Amino acid sequence: MSAENTHLPPGVEVIATLPEAPARIAAGAEARTVRVTLAPGDPGAPPHRHPGPLFGYVTEGEILFELEGEPPRVLKAGDAVFEPGGDVIHYQGGNNLADAQSQLVVTMFAPPGSPVLTLVGAEELAERRHLRFTQP
């Protein structure tokens, strides 16, 4: 049991901590809790970005997750996820399972009225190709 869980009542557990979170949240941002449910095999949204940071966890199944500059990884139920938002491209966030739905819940901190996500066009993807993680 970690030190941060020592004085919690039974059934309450800290899943993940992000100490630098306050520095990433813009003044005046609102918090939005978003649930993403993906049908079996759903590839998720095309490459996009979010207006602010988000923090959450996978509640069901497996999510294939890839952010600009990071290798793709599979997040399983119970795994925490962080995304800095802003300029960083979110390449993949699809269901890694062909036979079951997957779901994640995140809290996003964003300027009021901003879209939850903005798609990234082919021209920008080509310009930023050098920032995407490539296998050696």
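Here the structure is a predicted model, which means the values were calculated and not measured.

## What to know about the overall build of the chain
When its secondary structure is counted, the chain shows two helices and nine strands. Ordered by position in the sequence, the α and β elements of the chain form the string α-β-β-β-β-β-β-β-β-β-α. When the backbone C-alpha atoms are referred to their principal axes, the chain occupies close to 50 × 40 × 35 Å. Across the 136 residues in the chain, those meeting the buried criterion constitute 29%. A fraction of 78% describes how many contacts in the chain between residues 6 or more apart in sequence connect residues 24 or more apart.

## Let's talk about a nonpolar patch on the surface
A cluster of nonpolar side chains, contributed by Val 116, Leu 117 and Leu 119, occupies part of the molecular surface with about 230 Å² of accessible area. Within the secondary structure, Leu 119 is located in strand β9 (residues 118-119). The class of Leu 119 is exposed, set by a relative accessible area of 53%.

## Concerning the environment of Leu 64
One can find Leu 64 in strand β4 (residues 62-67). Relative accessible area serves as the criterion here: at 25%, Leu 64 is assigned to the partly exposed category. Sequence spacing of Leu 64 and Gln 92 is 28 residues, and the spatial spacing of their C-alpha atoms is 6.5 Å. The contact partners of Leu 64, leaving out residues within four places of it in the chain, are Pro 72, Arg 73, Val 74, Gln 92, Gly 93, Gly 94 and Asn 96.

## Observations concerning the sheet that holds strand β6 (residues 80-83)
Pairing within the open sheet is antiparallel, and its four strands lie in the order β1-β8-β3-β6. The sheet is open, and its two edges are formed by β1 (30-38) and β6, each paired on a single side. For this sheet the average axis-to-axis angle between neighbouring strands, irrespective of direction, equals 20 degrees. Where strand β3 (residues 54-60) and strand β8 (residues 102-110) come together, six bridges link them in antiparallel fashion. Within the sheet, the bridge partner assigned to Glu 60 lies in β8 and is Gln 103.

## Quick look at the side chain of Arg 32
On the secondary structure map, Arg 32 appears in strand β1. By relative accessible area, Arg 32 is classed as buried at 12%. With residues near it in sequence (within four places) discarded, Arg 32 still touches Val 106, Thr 107, Met 108, Ala 110, Pro 111, Pro 112, Gly 113, Ser 114, Pro 115 and Val 116.

What counts and how
- Residues numbered from 1 in each chain as written.
- Predicted model: local features only at pLDDT ≥ 70, side-chain atom pairs only at ≥ 80, totals over all residues.
- Heavy atoms only, no water.
- Helix = DSSP H or I, 4+ residues; strand = E, 2+ residues; numbered from the N terminus.
- Buried < 20%, exposed > 50% of the residue type's maximum accessible area, 1.4 Å probe, protein only.
- Contact = heavy atoms within 4.5 Å.
- Patch = residues over 30% accessible without salt bridge, like charges linked within 9 Å, V, L, I, M, F, W, Y side chains within 5 Å.
- Areas by Shrake-Rupley, 256 points an atom, 1.4 Å probe, with all protein chains shown as cover.
- Salt bridge = Lys/Arg side-chain N within 4 Å of Asp/Glu carboxyl O.
- Pairing = 2+ DSSP bridges.
- Axes fitted to C-alpha atoms, helices over the stretch in contact; angles between N-to-C directions.

By themselves, these figures tell us nothing about what the structure is for.
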